Amino acid sequence: MTEGKTTEFKREYVEDIKYTAVAFANTDGGKIYIGINDDGSVQGVNNTDTVMLRITNMIRDTIRPDVTMFTECSVEAIDGKSVVVLTVQRGTARPYYLAGKGIRPEGVYLRQGASSVPASETAILNMIKETSGDCYEDARSLNQRLSFQKTEEYFSRHELPFGESQKRTLGIIGEDGMYTNLGLLLSDECVHTIKLAVFEGSQKTTFRDRRELGGSLLEQLEDAYAYIDQFNRTRAEFVGLDRIDKRDYPPEAVREALLNAITHRDYSFSSSTLISIFDDRIEFVTIGGLVRGLTFDDIMLGVSALRNKKLANVFYRLRLIEAYGTGILRINECYADSEVKPLFEVTNNAFKITLPNRNFAGERKEPVPAAPARSMDKMQRQEAVLHLAQKQGTVTRKDVETLLKVSQSSAILILREMVDKGMLVKDGAGKHLQYRIPEN
């Protein structure tokens, strides 16, 4: 007997056996013989029951996902001596990894010849694809240490439960009990981002401002809308004696374009969603072209084939989207009475929505604020909120919306910045959330 790709010798039980067990489960299976020296000579094991117990405990406690159904521990007599044999089959939920290391090269091992070696990131991703299929949402997340504070707030705000059973039903937790990529997208640790930039004029030559948003997709959605809203100015037109206020961009069109960019993006690519704000337009560029089988004419008619079905289902439950496939139609309806129309462009790997500024006519005129609050700078808004908090004892999001005449998203952004600066502290949670001035 010699060591090889499917055979490993151990003189006695040692903790390092777990590396070989993981490698066998991720490759072609194999047997670990405990009680045999490296040269193949048999030494034997005296306390076989104790060794078998330690092995089964190690398999159960240190390897994820559960691989026990693919392992068997037995005692064989070789050269008249008792040898403990751990048989490991190739598992169906690869990659298997060490619980304390995670799905990373230092936690995932493969068998190469007679050695167990760390797997490369490419090998890990290939194993995930092999066992999870091509659907990004259903594949196991590389990060299994996820938190869901923002998502929990959203579900609480809509009085929806968000426990273990709901996570499984929604697809946040897969059949193997592990977090999926959908869970990653909704978690506070989401690695995908939205990049926003504001430019002078109509060319990408001079930056006025830029921002990169991270965290849960729900948080990114909220923050991106609030950021765009700062630059969506209101202008006045007079028809006879009547003054008519009109925003540069219909808020519903902005909302639909933003939701489209998030729900239809191909998250198997690492590039960020790009939002560019110019004097005459806003551009939303989403990674991932049309879903296979759809044409440009199809989507313009309202036909929809979802790339991220489970993510869309979560947004539907949270009433962020009302129906599938209506976003493009809604955007066009918002510009029905405008001379300028939205532009939709598709390539093999990207989708672009351009919303024209309805109030742009060559040289810009000074905007007319929709409410006094829009003429306030950030410090003035915060001072106004602090004054109200001091007067009432506490303030709520709705109080800020009413006080500053801003949207829900803008109010949340203002309060979050004030909490981050230590100007306010949170009291309660969900629909009972309030803010107060911290005690000295």
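Residues numbered from 1 in each chain as written. Predicted model: local features only at pLDDT ≥ 70, side-chain atom pairs only at ≥ 80, totals over all residues. Heavy atoms only, no water.

K.L.:
What exactly am I supposed to notice about the sheet that holds strand S13 (residues 273–277) here?
P.N.:
Within a sheet, neighbouring strands are paired by backbone hydrogen bonds and run either parallel or antiparallel to one another. Overall, mixed pairing links the 6 strands, which are arranged S10-S9-S13-S14-S16-S15 in an open sheet. Pairing within the sheet leaves two strands with one partner each, and these edge strands are strand S10 (207–213) and strand S15 (343–346). The average angle at which neighbouring strand axes cross in this sheet is 10°, direction not considered. Sheet analysis places strand S9 (residues 194–199) next to S10, joined by 6 bridges and oriented antiparallel. (Pairing = 2+ DSSP bridges. Helix = DSSP H or I, 4+ residues; strand = E, 2+ residues; numbered from the N terminus. Axes fitted to C-alpha atoms, helices over the stretch in contact; angles between N-to-C directions.)

K.L.:
Help me out: how do you make sense of unusual backbone geometry in this one?
P.N.:
Excluding glycine, residues mostly have negative phi values, and the peptide bonds linking residues are mostly trans. Residue Pro65 is bonded to the preceding Arg64 through a cis peptide linkage, with omega at -10°. In this fold, Pro65 is placed in the loop between strand S3 (63–64) and strand S4 (71–78). With omega at 5°, the peptide bond leading from Arg94 into Pro95 counts as cis. Summarising the element assignment, Pro95 is placed in the loop between strand S5 (81–88) and strand S6 (97–98). With phi around 55°, Asp79 is a residue other than glycine that occupies positive phi space.

K.L.:
Would you explain the packing of helix H4 (residues 149–157) against helix H7 (residues 217–230) in this entry?
P.N.:
What describes two packed helices is the angle between their axes and the distance between those same axes. Contact geometry of H4 with H7 gives a least axis separation of 8 Å together with a crossing angle of 75°. As far as their axial angle goes, H7 and H4 are roughly perpendicular. Here Lys150, Thr151, Tyr154 and Arg157 of H4 lie close against H7, whose contacting residues are Leu218, Glu219 and Glu222. (Parallel < 35°, antiparallel > 145°, perpendicular 65-115°, else oblique. Contact = heavy atoms within 4.5 Å.)

K.L.:
Sorry, what's going on with the pattern of salt bridges here?
P.N.:
Two side chains carrying opposite charge are able to pair once their charged atoms lie near each other. Taken as a whole and judged by the stated rule, the model has 29 salt bridges. Taking the shortest distance from any N to any O, the salt bridge between Lys310 and Asp138 comes out at 2.6 Å. You can see Lys310 sitting in helix H10 (residues 309–317) and its partner Asp138 sitting in the loop between helix H3 (121–132) and H4, a full 172 residues away along the chain. Linking Arg255 and Glu256 is a salt bridge whose minimum nitrogen-to-oxygen distance equals 3.5 Å. With relative accessibility at 31%, the residue Arg255 sits in the partly exposed group. One salt-bridge network, in which partners are shared between bridges, spans Lys150, Glu153, Arg157, Glu219, Glu222, Asp223, Arg416 and Lys426. (Salt bridge = Lys/Arg side-chain N within 4 Å of Asp/Glu carboxyl O. Buried < 20%, exposed > 50% of the residue type's maximum accessible area, 1.4 Å probe, protein only.)

K.L.:
What exactly am I supposed to notice about the sheet that holds S4 here?
P.N.:
As summarised here, the arrangement of the 4 strands in space is S1-S2-S5-S4, forming an open sheet in which the pairing is mixed. This sheet does not close on itself; its edge strands, each paired only once, are strand S1 (7–10) and S4. On average, adjacent strands in this sheet sit at an angle of 25° to one another, irrespective of strand direction. Against the sheet, helix H1 (residues 17–26) contacts S1, strand S2 (30–34) and S5, and its axis sits at roughly 160° relative to S2.

K.L.:
Which parts of the structure should I look at to understand the nonpolar core?
P.N.:
What tends to happen in soluble globular proteins is that the nonpolar side chains get buried as a cluster. Within the largest apolar cluster, 55 residues are counted, with the highest numbers of intra-cluster contacts made by Phe284, Phe315, Ile353 and Leu355. Counting 26 residues, the second-largest nonpolar core is a separate cluster that includes Val22, Phe24, Ile32 and Leu86. (Core = buried A, V, L, I, M, F, W, Y, C linked by side-chain atoms within 4.5 Å.)

K.L.:
It is not clear to me how the packing of aromatic side chains should be interpreted in this structure. Could you clarify?
P.N.:
The geometry of two aromatic rings is summed up by the distance between their centres and the angle between their planes. Counted according to the given criterion, the structure contains 9 aromatic pairs. Ring centres of Tyr227 and Phe231 lie 5.3 Å apart, and the angle between their planes is 55°; on these two criteria the pair is classed as tilted. Since its relative accessible area comes to 1%, Tyr227 is described here as buried. Each member of the aromatic cluster is reached from another via a ring pair, and the members are Phe148, Phe155, Phe162 and Tyr179. Directly above the aromatic system of Tyr154 lies the positively charged group of Arg157, at a separation of 4.6 Å from the ring centroid. In this arrangement the basic side chain of Arg210 is found over the ring face of Phe207, its NZ or CZ atom lying 3.5 Å from the centre. (Phe/Tyr/Trp six-rings, centres within 6.5 Å; stacked < 30°, edge-to-face > 60°. Lys NZ or Arg CZ within 6 Å of the ring centre and 35° of its normal.)

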